[in-house]
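Chain residues, written in single-letter form:
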Amino acid sequence: MADTAQPEYWLRGPVANIPALLQPCAHALLQARHEIRQALLNFPEEKIWSAPAGVASVAFHLQHLSGVLDRLFTYARGELLSEEQLAYLSAEGKQNDQVNLALLIQYFAAQVDHALTQLKNTSEAALTDERVVGRKQIPSTVIGLLFHAAEHTMRHTGQLLVTIAVLKQ
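Computed from a predicted model, the values in this text were never measured in an experiment.

**Looking at the pairing of strand β2 (residues 138–141)**
- By the bridge criterion, four bridges tie strand β1 (residues 130–133) to β2 in an arrangement that is antiparallel. Paired with Glu130 across the two strands is Thr141, which belongs to β2.
- As consecutive antiparallel partners, β1 and β2 are separated by four residues, and within that stretch Gly134 has a phi angle of approximately 70°, a positive value.

**Some points on helix α1 (residues 23–39)**
- The end-to-end C-alpha distance of α1 is 24 Å, a good match for the 24 Å that 17 residues give at a rise of 1.5 Å each.
- Taken across its 17 residues, α1 has 14 buried, putting it largely inside the fold.

**Some thoughts on the packing of aromatic side chains**
- Counted under the stated rule, the structure contains one aromatic pair.
- With 5.6 Å between their ring centres and 45° between their planes, Tyr88 and Tyr107 make a pair best called tilted. Here Tyr88, found in helix α3 (residues 83–91), pairs with Tyr107, found in helix α4 (residues 101–120); they are 19 residues apart in sequence, far enough to count as distant.
- Classification of Tyr88 as partly exposed rests on a relative accessible area of 25%.

**Side note on the packing of α1 against helix α5 (residues 142–168)**
- At their nearest, the axes of α1 and α5 sit 9 Å apart, and the two run at 15° to each other. Considered as vectors, α1 and α5 are oriented roughly parallel to each other. Seen along the crossing, α1 lies across α5 with a hand that is left-handed. Listed contacts from α5 to Pro24, Cys25, Ala28, Leu29, Ala32, Glu35, Ile36 and Ala39 of α1 are Leu146, Phe147, Ala150, Thr153, Met154, Thr157, Leu160, Leu161, Ile164 and Lys168.
- Tallied by class, the residues present in the contact of α1 with α5 amount to 14 nonpolar, two polar and two charged.

**Notes on the pattern of salt bridges**
- Going through the model one piece at a time under the given rule, you end up with four salt bridges.
- Of the charged contacts in the structure, one is a salt bridge between Arg71 and Glu92, with a shortest N-O distance of 2.8 Å. Of this pair, Arg71 sits in helix α2 (residues 58–76) while Glu92 is found in the loop between α3 and α4, placing the two residues 21 residues apart along the sequence.
- Exposure remark for Arg71: the relative accessible area of 8% places this residue in the buried category.
- Of the residues examined, Glu92 reaches a relative accessible area of 10% and is grouped as buried.
- Note that Arg155 and Glu151 form a salt bridge whose closest N and O atoms lie 2.9 Å from each other. Of this pair, Arg155 and Glu151 both sit in helix α5, separated by four residues, roughly a single helical turn.
- On the basis of relative accessibility, which here comes to 39%, the residue Arg155 falls in the partly exposed class.
- Classification of Glu151 by relative accessible area gives partly exposed; the value is 35%.

**Considering the layout of surface pockets**
- Considered as a void within the structure, the largest pocket measures approximately 150 Å³ in volume.
- Lining the largest pocket are Tyr75, Leu80, Leu81, Leu86, Leu89, Gly134 and Arg135.
- Class assignment of the residues belonging to the lining of the largest pocket gives a composition of five nonpolar, one polar and one charged.

**Focus: the nonpolar core**
- Grouped together as the largest cluster of nonpolar side chains are 46 residues, with contacts concentrated most on Leu40, Val58, Leu62, Phe73, Leu119 and Leu146.
- Breaking this core down by element, the ones donating at least two residues are α1, α2, α4 and α5.
- Here this core takes ten residues from α2, the largest share from any one element.
- Once residues within four sequence positions are removed from consideration, Phe73 is found in contact with Cys25, Leu29, Ala115, Gln118, Leu119, Leu146 and Ala149.

About the cut-offs
- Residues numbered from 1 in each chain as written.
- Predicted model: local features only at pLDDT ≥ 70, side-chain atom pairs only at ≥ 80, totals over all residues.
- Heavy atoms only, no water.
- Pairing = 2+ DSSP bridges.
- Helix = DSSP H or I, 4+ residues; strand = E, 2+ residues; numbered from the N terminus.
- Expected span 1.5 Å × (residues − 1).
- Buried < 20%, exposed > 50% of the residue type's maximum accessible area, 1.4 Å probe, protein only.
- Phe/Tyr/Trp six-rings, centres within 6.5 Å; stacked < 30°, edge-to-face > 60°.
- Axes fitted to C-alpha atoms, helices over the stretch in contact; angles between N-to-C directions.
- Parallel < 35°, antiparallel > 145°, perpendicular 65-115°, else oblique.
- Left-handed = near helix turned anticlockwise from the far one by under 90°.
- Contact = heavy atoms within 4.5 Å.
- Nonpolar A, V, L, I, M, F, W, Y, C, P; charged D, E, K, R; others polar.
- Salt bridge = Lys/Arg side-chain N within 4 Å of Asp/Glu carboxyl O.
- 1 Å grid on protein atoms, 1.4 Å probe; cavity = no way out; pocket = protein on both sides within 12 Å on 5 of 7 lines; lining within 4 Å.
- Points joined across faces, edges and corners; volume = space filled by probe spheres on them.
- Core = buried A, V, L, I, M, F, W, Y, C linked by side-chain atoms within 4.5 Å.

In structure tokens form, the structure reads like this:
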């Protein structure tokens, strides 16, 4: 699904205004957004909730990608999840006929944009600041949360691309 006109984002140089230590995170998020958009061109709308061989659906992956970015970046800011975020988490993967592919792609792209803005506003000096995750207040750091968000995004992007390929057959 690679765009042969340009190299992957990590080979395009620094992303403007992103601190040097956060460039890999920005590159991963931009690459995921690009690959997902490319892979979903002409994808049949009626298959977004299909789960071939019991794997997660396209809709679930897109919902989860957006939700995880939102939640992990919230924790990185040192904030707790809102009721709206908890409701979104609860709805992830539950078939909803009000959800369509364009909306899911748009929402994920917007979450990437929000994440990039937060990366731009994150001081390298704050990267080792302690943060907590979830109701159990599990310890982490700003950099740990941001990099986990990037690697989790790429992990689900890979799974999503396989699901798309199977469903397009």
